[in-house]
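Notes for the structure review
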Amino acid sequence: MTSIFSIARYTLTQQLRNRLYLVIILFGVLMVGASVLFGAVAADQEIRVILDLGFATTEFFGLAMALFGAVTLVLEEMESKTIYLILTRPQPRATYILGRFLGLVLAVWTGMALMEVMHFALLLFKGWKADPLTFAALPAMGLKVMIMTALALLCSLLFTSAPTATVFSLFFWVLGHFGEEIRFLAKKSGQPVAMALVKGLLWILPNLTMLNLRDHLEIPGFPLTQILPAALYALLYTGAALSLSIALFARKEF
Amino acid sequence: MTADTPALAVTDLTKIYRRSHLGRTKTTRGVEKINLAVRDGEVFGLLGLNGSGKTTTIKLLLGLLFPTSGRIDVLGAPAGSRAAKAAIGYLPEIPYFYKYLSGREVLTFYGQLSGLTGEALRQRVDAALDVVRMKDHARRAMREYSKGMLQRIGLAQSFLHDPKILIYDEPVTGLDPLGLREMREIIQGLNQKGKTIFFSSHSISEVEKLCHRVGILVQGRLVRVVEQKEWAAEPGRLEEVFVQTVSPDHAHVR
């Protein structure tokens, strides 16, 4: 366990010292700032626009950081051979995957938290009245990005090419938001084969809409009790993706 | 493990690389039917031309590659196991490190992965930095280091956790004469402290100065093991033996 935390800590340090990563955070912070300008254009809906745009920007940049980090982290390390010195230490290979994952997720969450601090500061400055659901939307966004980090890590081990792994991760991200629509279309086609295929696909795809709490901010009476099963789902899905990564990594030769 | 257990015991070791592309599988021989026992406390050198299987052998010893057939025991434990990895310190041909970390941070990191903690870890890091004469540069980022400095940090991380066996892949490649001399002194010093050292090299003169025995690899086969007494009395004799052994015109020597 200590070794997992050691790898996580150094991954976090490495990510925070990586200039490209800092540029992404800076860009995200600027985008949140820019939402003020859009808000000004929206007249009486200013706060709503700042709220939505800020969340969207944070999630988008969180996703970018997670994908960029997860896809390049292991592949780059295999290419640069820094991985040799870790894998020759008396630790199971799973330690490496878990430590890298944990460190990267913490780095991405740090970046997202930074953007959200800026976002909420802007909202409060504009006279926004805080709603508990708004704060519940934040960890949900973090959990979505956690799922995507685990999936991108799995893709990087499956495809061993950064562009292919990125494309497949984005594919998971997009389809993960359209599960219900895919199911509806398959039902509408009336084809049993299509329905069976879609059923199988939906087992593989993450259900990211489950974690889209920010979509419900304007709906009165949204049950906060839905947050717990959504969080449990995120943890189970991430665990499954990580288990597959660990199994793949255990058989990998360097 | 008994007193007679060799530090490294390699039995009928074969590694065949299989690469699939568009449904066609291409096989390449890495090493074939290698049998070797490295005695406790000796310095064993592995000589061979490029592509003769030196790095493959080392990666198999470290558990970075898996044998196609055969067996490797490290002080009686199977290669790649935690016990085997705990007994080994490794230095790759070109040491690859995290450029965003300092020399001290890198050593601390590898120390933690080797199970060292607290005061013991700090003391070992200080002692290792002392041995490789890098204490004054320990707080600088690795990206500012010269090749010689990287090699020294590489050496330091290899013996940081006090392993019984040190495996070095081309440790003197690219070093200037002063660096070469320092490296030789450090390796000799480690051997005098009881470490078993197994290393590959292209530099016959260095091998001649350091080794008790030398194995010569030709196209993945260990064709000859030469004892120190065979070259000690006659300078340049090892080079002669090597050329005779690897030259196609002298295949009968094998």
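Position numbers for residues start from 1 in each chain and track the written sequence from start to end. Written order determines the labels here, with chains lettered from A and ligands numbered from 1. Per-residue local features of the predicted model are confined to residues with pLDDT of at least 70, and side-chain atom pairs are confined, for both listing and counting, to 80 or more; whole-chain, interface and lining totals are unaffected and use all residues.

A few words on the overall build of chain B. Numbering of helices and strands runs from the N terminus, with a helix taken as a DSSP run of H or I at least four residues long and a strand as a DSSP run of E at least two residues long. Across its full length, chain B carries nine helices and ten strands. The C-alpha atoms of chain B give a radius of gyration of 19 Å, which matches the 18 Å a tight globule of 254 residues would have. Taken across its 254 residues, chain B has 43% of its residues classed as buried. Atoms counted for the radius of gyration: C-alpha only. Globule rule: 2.2 Å times the number of residues to the power 0.38. Buried residues are those with 20 or more other C-beta atoms within 10 Å of their own C-beta, exposed residues have 12 or fewer, and partly exposed residues lie in between; C-beta atoms are placed from the backbone.

This part is about the confidence of the model for chain B. Residue and element names in this part refer to chain B. Within a predicted model, pLDDT stands for the predictor's per-residue confidence, ranging from 0 to 100. Looking at chain B as a whole, the pLDDT averages 90, with 96% of positions reaching at least 70. The spread of mean pLDDT over the elements of chain B runs between helix H8 (residues 229–232), the lowest at 88, and strand S4 (residues 69–74), the highest at 96. Among the prediction metrics, the complex's ipTM stands at 0.86, with pTM recorded as 0.85.

On to the pairing of strand S10 (residues 221–227) of chain B, then. All names here are of chain B. At least two bridges found by DSSP between two strands is the condition for calling them paired. Note that strand S9 (residues 213–218) and S10 share six bridges and pair antiparallel. Among the inter-strand pairings, Gly215 is bridged to a residue of S10, identified as Val225. Hairpin remark: S9 followed by S10, antiparallel, with two residues in the connecting loop; positive phi at Gln219, about 45 degrees.

Okay, the interface of chain B and chain A next. The contact rule is simple: place each C-beta atom from the backbone, and if two of them lie within 7 Å, those residues are in contact. Counting residues at the interface gives 24 residues for chain B and 21 residues for chain A. Elements with a minimum of two residues in the side of chain B that touches chain A: helix H1 (54–62), helix H2 (82–86), strand S6 (88–91) and helix H3 (103–113) of chain B. Top contributing element to the side of chain B that touches chain A by residue count: H3 of chain B, with four residues. Taken together, the residues of the side of chain B that touches chain A break down into 16 nonpolar, five polar and three charged. In this count, Pro and Cys sit with the nonpolar residues alongside Ala, Val, Leu, Ile, Met, Phe, Trp and Tyr, while Asp, Glu, Lys and Arg are called charged and the others, Gly among them, polar.

Working definition: the strands of a sheet are paired by backbone hydrogen bonds and lie parallel or antiparallel to each other. All names here are of chain B. Within the open sheet, the six strands sit side by side as S6-S7-S8-S3-S9-S10. Their pairing is mixed. In the strand order of this sheet, the two ends are held by S6 and S10, each with one partner. Sheet twist, expressed as the mean angle between neighbouring strand axes with direction ignored, is 15 degrees. Helix-sheet contacts for H1 involve strand S3 (43–48), S6, strand S7 (165–169), strand S8 (196–201) and S9, and the interaxial angle to S7 is about 145 degrees. Working convention: axes come from line fits to C-alpha atoms, limited for helices to the stretch in contact. Angles between N-to-C directions cover 0 to 180 degrees.

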